[in-house]
Amino acid sequence: MKYKLLSVAYFLSVVVFAQKPTSYSILSPDGVLTVQVDIANNISWSAKNKERILIEPSQVAMQLQQETLGDKPLVASSKTEKFNQDFAALHYIKSTVTNSYNQLTIQCKGGYGIQFRVYNDAVAYRFTTQKKDSLTILNETANFNFSNDDSAYIPIQWDYRDGRNFNSSFEALYHHIPLSQFPKDSLAILPLMVDMGHGKKAVVLEADLEDYPGMYLDLNATGKGLKGVYAPYPSKAYRTTLGYVVSDRKNYIAKTAGTRNFPWRVVTFSNHDKDLLTNDIVQKLASPSRIADVNWIKPGLVAWDWWNNWNISGVPFKAGINTETYKYYIDFAAANKVPYIVMDEGWSEPFDLLKVKTERVNLQEILAHAKSKNVGVILWATWHAVSLQMDTAFAHYARMGVKGFKIDFFDRDDQSVVASTYSIAQKAAKHKLMVDYHGIYKPTGLQRTYPNVMGFEGVKGLENYKWANEDQPLYTTTIPFIRMLAGPMDYTPGAMRNVTQADYFARNNDPMAKGTRCNQLAQFVVFFAPLQMMADNPTTYVKEQECTDFITKIPTTWDETIPLDGKVGEYLALARRKGNEWFVAAMTNWTPRNLTLDFSFLPAGKYELVLMKDGVNADRNPTDYKKEILQISSSDKTTIQLAAGGGWVARVKKISN
């Protein structure tokens, strides 16, 4: 009997180790991009563009408690499929997305597989499992190996909450350095861009992140590549002033269902920087909408209170977090056709949403006034309070007429928090509430799956310039090419106190922004956010009514987007269409420059162009701007001048055929 068992064991070992290496090749729909998947003692993939290597062989695996997926894999089956599907996009930068790719599915013995999708401009892969029991995942191996020590735009995670690793607000400037100089003992947040030379860029992202921790990046053993890092599952946490900080973690990253699809690991490529301004890869890889009726979800501008510190003036009451001030914001919103206001931090106890600070705020009166003016009210809340009270709080405030919640201080992307973003969205949708996720990691497609998720922060937004003296024009000409690839970006533009670098200083009560007035106006077109905040205060906007009138005519979602020109960290120009109107915007860093805009994207006909441009003295006084009205046609080209930290923006409307 022992002899027979030994014979079987020996036979199996021969099968396992004698399997010949197998390679699979899959092309992009245009035949230019090739991905090769090699199956031997492990699984690795590589990519090339014609003969140019883009990604060197990069190993992938998933370490479970009892086994490692991808270790000595045995292929059970494989198939290649072609897909070419258009789908309607809701509350996005275009109304229709063309989803064309070729897919390789490899099924391995042992109840798991791996899928690769190859697009003309991207590669994505994910693990799948078909196991009966739940899984404990210790780690995941994801590598992105480059041929050279390329320079990269690395957003280093720097602001650990309470000094605790994996607790952060996901706000970071970009270190433009060679990959080999990736700071030690640091992690990068996604997306991350690699400059491969000769105009070629690669951006690493993830998509369809559900019930699983988000991916950070670190330098891997090659010195020229990146590897995935994941927050372990939390085991202990404590409250801070407004947040909830993890102090101890498990020895695994996730416990999850045995049969499921895991998140997509993505690299998207571009030959021209401007093409990144309209890249759809996260939208394409996200799960479709799980909300049947979406007609109640209404994007729009929002009059916001926190950045301007409730600092209104010329009123017969004490401004602040009180009923009178919010009625003033509502009146401003109604007069300017702004559909929403936000009541930010201070209206309730931070960890008890049902306890309104009634000595200052009469919420019933505010909501009644808002309803009479046809203005919606969005309430701020901490993630921890929402996670504990959403069943009761959502039902309660929906009955009162609240339109949504701005949820802040997530400050993590471990499995528990990622799972909560789905449950919050689902329960909010049940009560027809929109949600805006603040203090949180980048979007990964949830906004398509739950279209009531109207925005994500995950950006070093305008709020930082209440306390930080950093290069704002450099950052704002970088994030459209990198961070915005992931999805909506709640940067909160609209500052009316515009200054030069020399004149800037941080302050809370009357915060300012570096760069010109027209740079701020252009951000309303460039920065995509279905709930787009107007950061400055109503008193200031009334004093600057001409700019306010221009802002309030800019949509927050679009039917079409066309990139016109751009270079990461230097400048950009794009056009967006809503219905029959076009909006064109351009921005530059601190380098003044001339750009030639080609209007051939317009259908035939004559158009009226209402533009706001940097004034002749905007280099000294960045509030200086000029409004002009011109007539153009699709055959016209226009050269525009951008001041240092400047901008240009126009509304284009057809007037005749």
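Everything numeric in this text was worked out from a predicted model, so none of it was measured.

**Brief notes about the overall build of the chain**
Looking only at helices and strands, one finds eleven helices and 40 strands in the chain. Taking the principal axes of the C-alpha coordinates as reference, the chain spans close to 95 × 60 × 45 Å. Counting only residues that meet the buried cut, the chain has 60% of its 657 residues in that class. Put simply, 71% of the contacts in the chain that link residues at least 6 apart link residues at least 24 apart. Of the roughly 25200 Å² of accessible surface on the chain, a fraction of 48% belongs to carbon and sulfur atoms. Averaged over its 73 positive side-chain charges, the chain has a centre that lies 5 Å from the centre of its 66 negative ones.

**Observations regarding the confidence of the model for the chain**
Mean pLDDT over the chain: 95, with 97% of residues reaching 70 or higher. Overall, residues 1-18 carries pLDDT values under 50, and its contacts beyond four positions in sequence, including any with other chains, amount to three contacts.

**Describing the state of the cysteines**
Counted under the stated rule, the structure contains zero disulfides. Cys518 supplies the cysteine sulfur nearest to Cys547, a cysteine that is in no disulfide, at a spacing of 6.9 Å.

**Quick look at the environment of Gln107**
Assignment of secondary structure puts Gln107 in strand β7 (residues 96-108). Expressed as a C-alpha distance, the spacing of Gln107 and Val75, which sit 32 residues apart in the sequence, is 6.0 Å. Residue contacts for Gln107: discarding those within four places in its chain leaves Leu74, Val75, Ala76, Ser77, Tyr112, Gly113 and Gln130. Within the structure, the side chain of Gln107 is placed 2.9 Å from the backbone oxygen of Tyr112, a separation counted as a polar contact. Polar contacts involving the side chain of Gln107 include one to the side chain of Gln130, which spans 2.5 Å.

**Points about the packing of helix α3 (residues 323-335) against helix α4 (residues 363-372)**
Close contact between α3 and α4 brings their axes to 10 Å; oriented N to C, the two are set at 15°. The angle between α3 and α4 falls in the class roughly parallel. When you trace α3 past α4, the crossing you get is right-handed. Between α3 and α4, the contacting residues are Thr323, Tyr326, Lys327, Ile330 and Asp331 on the first element and Glu365, Ile366, His369 and Ala370 on the second. For the contact of α3 with α4, the class distribution of residues is four nonpolar, two polar and three charged.

**Section: the pairing of strand β37 (residues 606-614)**
Here nine bridges tie β37 to strand β38 (residues 625-633), and the two strands are oriented antiparallel to one another. Paired with Lys613 across the strands is Lys626, a residue of β38. As judged from the eight bridges shared by β37 and strand β40 (residues 647-656), these two strands associate in the antiparallel manner. Bridge pairing links Leu609 to Val652 in β40.

**Here's the deal with the environment of Ser100**
One can find Ser100 in strand β7. In this view, Ser100 contacts Pro29, Phe83, Asn84 and Tyr119; residues no more than four positions away in its chain are not counted.

**Topic: the packing of aromatic side chains**
On inspection of all chains with the given rule, the structure shows 31 aromatic pairs. Measuring from ring centre to ring centre gives 6.0 Å for Tyr92 and Phe528, while their planes differ by 85°; the resulting arrangement is edge-to-face. Taken as a pair, Tyr92 in the loop between β6 (75-88) and β7 and Phe528 in the loop between α9 (517-526) and β32 (531-534) lie far apart in primary sequence, 436 residues in all. Grouping residues by exposure puts Tyr92 and Phe528 together as buried. With a centroid separation of 4.9 Å and 55° between ring planes, the pair formed by Trp582 and Phe601 is classed as tilted. Of the two residues, Trp582 is situated in strand β35 (residues 581-588) and Phe601 in the loop between β36 (593-598) and β37; the sequence distance between them amounts to 19 residues. The two residues Trp582 and Phe601 agree in class, both being buried. Aromatic ring contacts, followed pair by pair, group Tyr244, Trp383, Phe410, Tyr437 and Phe456 into a single cluster. Arg239 extends its terminal NZ or CZ atom over the ring of Phe351, reaching a point 4.3 Å from the ring centre.

**Overview of the pattern of salt bridges**
Considering all chains together, one arrives at 27 salt bridges under this definition. In this structure, Asp559 engages Arg577 in a salt bridge whose closest nitrogen and oxygen atoms are separated by 3.9 Å. Here the residue Asp559 occupies a position in the loop between α11 (545-551) and β33 (560-567), and Arg577 occupies one in strand β34 (residues 571-578), the gap between them amounting to 18 residues. With its nearest N and O atoms 2.9 Å apart, the salt bridge here joins Glu560 to Arg577. In this pair, Glu560 sits in strand β33 while Arg577 sits in strand β34, placing the two residues 17 residues apart along the sequence.

Analysis parameters
- Residues numbered from 1 in each chain as written.
- Predicted model: local features only at pLDDT ≥ 70, side-chain atom pairs only at ≥ 80, totals over all residues.
- Heavy atoms only, no water.
- Helix = DSSP H or I, 4+ residues; strand = E, 2+ residues; numbered from the N terminus.
- Buried < 20%, exposed > 50% of the residue type's maximum accessible area, 1.4 Å probe, protein only.
- Contact = heavy atoms within 4.5 Å.
- Areas by Shrake-Rupley, 256 points an atom, 1.4 Å probe, with all protein chains shown as cover.
- Lys, Arg positive; Asp, Glu negative; His and termini not counted.
- Charge placed at Lys NZ, Arg CZ, Asp CG, Glu CD.
- pLDDT = per-residue confidence, 0-100.
- Disulfide = S-S within 2.5 Å.
- Polar contact = N/O pair within 3.5 Å; in protein donor to acceptor, adjacent residues only side chain to side chain.
- Axes fitted to C-alpha atoms, helices over the stretch in contact; angles between N-to-C directions.
- Parallel < 35°, antiparallel > 145°, perpendicular 65-115°, else oblique.
- Left-handed = near helix turned anticlockwise from the far one by under 90°.
- Nonpolar A, V, L, I, M, F, W, Y, C, P; charged D, E, K, R; others polar.
- Pairing = 2+ DSSP bridges.
- Phe/Tyr/Trp six-rings, centres within 6.5 Å; stacked < 30°, edge-to-face > 60°.
- Lys NZ or Arg CZ within 6 Å of the ring centre and 35° of its normal.
- Salt bridge = Lys/Arg side-chain N within 4 Å of Asp/Glu carboxyl O.

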